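# Observations on the model geometry
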Amino acid sequence: MRPPTFWLRRGLLRLRALLDRPAAERELDDEIRFHIEREAEERVRRGASPGDARRDALRAFGGVERHKDDCRDARGVRPLEELAQDLKYGVRALRKNPGFTTVVVLTLALGVGANTAVFSVVNGVLLRPLPYREPEQIVTLWQHNRTSGETRDDVSPANFLDWRERVRSYDGVAMIEPYGLDLLGPDGPESIRTWLVSDGFFSILGTPPQLGRPFRPEEFTAGHDHVVVMSDGMWRRRFGADPGIIGRTITLDQVPWTVIGVMPPEFKFPAGRELWAPRVFTEDDVRQRGPAYFNVIARLKPGLAPGAAQAELSGVAAQLAREYPRTNAHVGATVVPLPEQLLGRVRKALLVLLGAVGFVLLIACANVANLSLARAVQREREFAIRAALGAGRGRVVRQLAAESVLVAALGGAAGVLLAYWGVKGIRAFSPANLPRMDELHLDARVLGFALAASLATALVFGLAPALYAARPNLHEGLRAGTRGATSGLARQALRGALAVGEIALAMVLLVGAGLLARSFASLLQVDRGYRSDHVLAVTVHVWQFAETPAARAGYVRDAVERLAALPGVRAAGMTSSLPLAEAIGAVRAPLTIEGRPAPAPDAVPIAHTTAVTPGYFAALGIALRRGRMLARSDDASAPPVALINETMARRFWPDEDPIGKKIVVPIHYAGKPVSREIVGVVADVRHAGLAEEPRPSVFLAHAQAPTGAITFAVRTAGDPLLALARVRETIRAPMPALPVSSATTLDTLLADSLRERRFHLLLLGTFSLLALALAGVGVYGIMSHATSERTREIGVRMALGARGADVLSLVMRQGGRLALVGVAAGLAGAAALTGLLRGMLYNVTPLDAVTFAGVAALVLVTAALACYVPARRATRVDPLRALRAE
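Along each chain, residues carry numbers from 1 onward, in the same order as the chain's sequence is written. Given that the model is predicted, a residue must reach a pLDDT of at least 70 before its local features are reported, and side-chain atom pairs must reach 80 or more before they are shown or counted; all residues, however, enter totals for whole chains, interfaces and linings. In computing side-chain properties, one takes all heavy atoms of the structure into account and sets aside hydrogens as well as water.

## With respect to the overall build of the protein chain
- Scanning the protein chain from N- to C-terminus turns up 28 helices and 23 strands.
- The classification of residues rests on relative accessible area computed with a 1.4 Å probe and restricted to protein chains. Under 20% of the type maximum is buried, over 50% is exposed, and intermediate values are partly exposed. When burial is assessed residue by residue, the protein chain has 51% of its 886 residues classed as buried.
- Residues count as neighbours in contact if any of their non-hydrogen atoms are within 4.5 Å of one another. A separation threshold of at least 6 residues defines the contact pool for the protein chain, and within that pool the share at least 24 residues apart is 81%.
- Surface accessibility of the protein chain: about 39,000 Å² in total, with carbon and sulfur atoms responsible for 59%. Strands here mean DSSP runs of E at least two residues long; helices mean DSSP runs of H or I at least four residues long; both are numbered from the N terminus. Values of accessible area rely on a 1.4 Å probe in the Shrake-Rupley scheme; residue burial ignores everything except the protein chains shown.

## Examining the nonpolar core
- Think of a nonpolar core as a cluster: buried Ala, Val, Leu, Ile, Met, Phe, Trp, Tyr and Cys residues, connected wherever their side-chain atoms sit within 4.5 Å. With 97 residues, the main nonpolar core has Phe-617 and Leu-620 as its most contacted residues.
- When sequence neighbours within four positions are dropped, the list of residues in contact with Phe-617 reads Val-612, Ile-622, Met-629, Leu-630, Leu-643, Val-682 and Phe-699.

## Observations concerning the packing of helix H26 (residues 804–833) against helix H27 (residues 849–874)
- It is at 9 Å that the axes of H26 and H27 come closest, and there the two elements cross at 155°. If you check the angle between H26 and H27, you find them roughly antiparallel. Considering the relative orientation of H26 and H27, their crossing is right-handed. Contacts between H26 and H27 pair Val-807, Leu-808, Val-811, Met-812, Gly-815, Ala-819, Leu-820, Val-823, Leu-827, Ala-830 and Ala-831 from the former with Phe-852, Ala-856, Val-859, Leu-860, Ala-863, Ala-864, Cys-867, Tyr-868, Ala-871, Arg-872 and Ala-874 from the latter.
- When residue character is reported, Ala, Val, Leu, Ile, Met, Phe, Trp, Tyr, Cys and Pro are called nonpolar, Asp, Glu, Lys and Arg charged, and the others, Gly included, polar. For the contact of H26 with H27, the per-class residue count stands at 20 nonpolar, 1 polar and 1 charged. Lines are fitted to the C-alpha atoms to define the axes, a helix being fitted only along its stretch in contact, and any angle between axes, read from their N-to-C directions, falls within 0 to 180 degrees. Should an angle fall under 35 degrees it is taken as roughly parallel, and over 145 as roughly antiparallel, whereas 65 to 115 is taken as roughly perpendicular and any remaining angle as oblique. A clockwise turn of the near helix away from the far one marks a right-handed crossing, whereas an anticlockwise turn of less than a right angle marks a left-handed crossing.

## Quick notes on the packing of helix H19 (residues 549–564) against helix H22 (residues 724–732)
- Axis separation between H19 and H22 bottoms out at 9 Å; the angle between their running directions is 150°. The orientation of H19 relative to H22 falls into the category roughly antiparallel. Between H19 and H22 the crossing geometry is right-handed. Across the interface between the two elements, Tyr-555, Arg-562 and Leu-563 from H19 touch Val-727, Thr-730 and Ile-731 from H22.
- Split into classes, the residues belonging to the contact of H19 with H22 amount to 4 nonpolar, 1 polar and 1 charged.

## Section: the packing of aromatic side chains
- In summary, the pairing rule links any two rings of Phe, Tyr or Trp, Trp by its six-membered ring, whose centres are within 6.5 Å, and it sorts them by plane angle into stacked for under 30 degrees, edge-to-face for over 60 and tilted for everything else. Overall, the coordinates contain 18 aromatic pairs when judged by the stated rule.
- Seen in terms of ring centroids, Phe-202 and Trp-276 are 6.2 Å apart; in terms of plane orientation they differ by 70°. Their pairing is edge-to-face. On the criterion of sequence distance, the pair formed by Phe-202 in helix H8 (residues 201–205) and Trp-276 in strand E9 (residues 275–278) is long-range, its members being 74 residues apart.
- Taking relative accessible area as the criterion, Trp-276 reaches 1% and is therefore assigned buried.
- Measuring from centroid to centroid gives 6.3 Å for Tyr-555 and Phe-712, while their planes differ by 75°, and the two rings are edge-to-face. Of the two residues, Tyr-555 sits in helix H19 while Phe-712 sits in strand E22 (residues 709–716), which places them 157 residues apart along the sequence.
- By relative accessible area, which is 6% here, Tyr-555 ends up buried.
- The rings of Tyr-132, Phe-201, Phe-202, Phe-215, Phe-220, Phe-267, Phe-269 and Trp-276 are connected pair by pair, giving a single aromatic cluster.
- Sitting over a ring, as applied to charges here, requires NZ of Lys or CZ of Arg to be within 6 Å of the ring centre and within 35 degrees of the ring normal. Taking the ring centre of Tyr-324 as reference, the NZ or CZ of Arg-289 above it sits at 3.7 Å.
- The residue whose ring lies beneath Arg-528 is Tyr-530, and the NZ or CZ to ring-centre distance is 5.5 Å.

## Looking at a nonpolar patch on the surface
- Each patch is built from residues lacking any salt bridge and having more than 30% relative accessible area; the joining distance is 9 Å for like charges and 5 Å for nonpolar side chains (Val, Leu, Ile, Met, Phe, Trp, Tyr). Salt bridges are defined by distance alone: a side-chain nitrogen of Lys or Arg within 4 Å of a carboxyl oxygen of Asp or Glu. On the surface, Leu-110, Leu-417, Leu-418, Tyr-420 and Trp-421 cluster together into a nonpolar patch covering about 480 Å² of accessible area.
- The leading source of residues in the nonpolar patch is helix H15 (residues 393–429), at 4 residues.
- Here Leu-110 is to be found in helix H6 (residues 98–127).

## Comments concerning the pattern of salt bridges
- Summed over the entire model, instances satisfying the criterion amount to 23 salt bridges.
- The partner of Arg-237 in a salt bridge is Glu-274, with the nearest N and O atoms 2.9 Å apart. Here the residue Arg-237 occupies a position in helix H9 (residues 232–239), and Glu-274 occupies one in the loop between strand E8 (255–262) and E9, the gap between them amounting to 37 residues.
- What makes Arg-237 partly exposed here is its relative accessible area of 43%.
- Here the salt bridges do not stand alone but share partners, grouping Glu-177, Arg-279 and Asp-285 into one network.

## Focus on helix H23 (residues 746–753)
- Among the residues of H23, those classed as buried are Leu-746, Leu-749 and Leu-750. Along the axis of H23, the buried residues cluster in a sector spanning 100°; they form a single face.
- Looking at the buried residues of H23, the elements they touch are strand E12 (535–541), helix H20 (615–620) and strand E23 (742–745). Starting at the helix axis, one direction is taken to each C-beta atom, and the arc is that of these directions.

## As for the side chain of Thr-194
- In this structure, Thr-194 sits in strand E4 (residues 188–197).
- Definition of a polar contact: a pair of N or O atoms within 3.5 Å, with one able to donate and the other able to accept a hydrogen when the atoms are protein atoms, and with sequence-neighbouring residues admitted only if both atoms are side-chain atoms. At 2.9 Å, the side chain of Thr-194 forms a polar contact with the backbone oxygen of Ile-192.

## Some words on the pairing of E22
- The element E22 is extensively covered by neighbouring structure, given that 8 of its 8 residues are classed as buried.
- Burial of E22 is two-sided: the residues Ala-709, Thr-711, Ala-713 and Arg-715 facing one way and the residues Ile-710, Phe-712, Val-714 and Thr-716 facing the other way are all buried.
- Pairing geometry for E12 and E22, over 7 bridges, is antiparallel. Across the sheet, residue Val-538 finds its bridge partner in E22, namely Phe-712. The rule for pairing is simple: two strands pair if DSSP sees at least two bridges between them.

## What about the pairing of strand E2 (residues 150–153)?
- Of the strand pairs in this sheet, strand E1 (residues 138–145) and E2 are connected by 2 bridges, and their pairing is antiparallel. Among the inter-strand pairings, Gln-143 is bridged to a residue of E2, identified as Asp-153.
- Count of turn residues in the E1/E2 antiparallel hairpin: 4 residues, of which Gly-149 carries a positive phi of about 80°.

## With respect to the side chain of Ser-697
- As for its placement among the helices and strands, Ser-697 is situated in strand E21 (residues 697–701).
- You can call Ser-697 buried: its relative accessible area is 4%.
- Reaching out from Ser-697, the side chain makes a polar contact with the backbone oxygen of Arg-695 at a distance of 3.0 Å.
- With residues up to four places along the chain from it excluded, the contact list for Ser-697 reads His-608, Leu-643, Ile-644, Asn-645 and Met-648.

Structure representation (structure tokens):
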């Protein structure tokens, strides 16, 4: 309860300020100087020199000029002048405390910078509109294979033609087929990844070329189809961005083609190709319902929902199943909106990362709030004098808010600089299959987010100290010394809650990062079924160079023999489907087992079928489990044979030996389907990815199924890239015009397959360690301030006989209670939130006990270290000096 004299004096001061400004200021000067002199005398009594004592007293009270502003406030200074005064004094106050300012600005810069960098990714990938006309009206169409459970399977040519003819819910339906054309240039032939598209492809997407025109309807007929539309990347890379490229003739597959258009830089659909060419349909396409290799897109009619389009397409698929039960009984249809198709796989992961980095910002805010609250405690005498002299609560809050805005502006500016570097790092480490990463930059929306984050942090970390300072304790604040008074219970509870929140948020992030790390380690330990070290893979397409099956078989046989004879080569072979690489010749074919009843039309088994040479298994180190390997004698004149993998043997012959059994796997490059005898069982190989379980697989002798899509696998004694030039030369020796489509190592393919998981782990791990460091600094700051406030108490304890170990235990227990509560809250939060990571984990549950226990131990150790330093400092308190200071 404040005495009546206080209110009387305050009222008189306000009245005097209204009537006589100079006199009021002189009285304020006298009042403030009185308290400064008392403070200086007290500091001299404690042992300080007179000069240092007066300087420190002036700093403690913030100078005389600031308190004059409180009087001006009573008279009603204009708002802009008040703001200028507050900012001016805020700059002066921050300059007087460079340590506090530096720590706060760096903390905020880390939080704002990390959030801005991740938001730039979310903005570039998810929020920016796709570069197509009304992308929400574009959908992708897929076959639903009920036998394999694949809901987004490629579409067969005949099914596509029927879908396009029978549906009525679409303004257009078009197909896309991966292809390759060999460009003849001054440096020799180059294989160009190409998309063959049907009529309507560009009109469905609605993106006009930046140069030239799209295809015309007549260019989808034989004899008029040798025209191409070029990507912006190829136009710049191969033709120097020459605007005269339109109408120019280029040689593709030894045939002249005319360039009619160049697409804009942002047009990259589907991704990974550089040319678009017309697809001319043949009579064979009308009958091709088994092999499926088309991607299909369509544009919905205005106002039509995807659900209605799905119902109609499902009805068409059901009609085809009745009309063609042998091939279509197990085939349904799936409609997926284009944004979901392109971005659905990465949306969840990016939002999880955005939430994680938001936790980092909250921890930074809590940290800065604690620092600001501690500084407000040091300035409580200043605030008390202002209140005694008539300054209202609003004046103090506005001043602290101005200081918070200044600090937040500095932190935000530094954060934008960190975000600029962070975006460059994210682009460098991002996986190639993450869409739109090359479009990332700090645009106006990202800078607006950085500004909003900075202002939000100013509000969050400035609120607690401002509310505290607005209710000063005049009795304690105007005394010459606080006599060692400890913090109020409310203030202690607030600071403790902030520390607990920091630890809990750091716990949640660390548990998430720990689960991803455990998942990644489990993935590295999975049995791949082959060895990736010292293996070089070179892909070529020989369809036009070796047009007959005999020519293709002869070329492959001779090339493999020449490769195996090269110095430093330990084994060489050929395959049409390399593990973890894009399938160039593999086929998922319906499987028929001779001697068994025909399965129901919707239960026909599917096998992953690959053509290989005998040396392929030695080159990759794939083990034989039963029977024999393929032999050089398994050529076109020998009885057809096949190898199968362990998964297929277990699934179809669980209680018997599959060796000697016969199967039929129709594939388009092997001619008429024939019965093949199983001569061996090999180890399972994870073709699609390390996290994908092996599928039933069949390996055919290339001489008996001579495909023209070929990957040579060469195992070397040393670095495989050193042998690349000789391998290229050997492969192209009989066909000098043969271009090499790709050349890489199996180790590179393995690393690329893990790059997305490694990217997520790297980002979340970095954010979680940053959160742990900020939380540790926060606990250290709280305990340091708490021990400094208890200096007199500790001095009394030591004067009464307490040992250093007792003081150490006292401080450690105080910090330990905060850490335990924070860990408990963090474990509960992690248990509730880690389910969001379920789709990103492999062989690890979201509630993995090992991860939770390990992270809890790490956080407790970090908190103990953060508490130990101030606790150790407290044990060195001199009781006499501590008591004399009071």
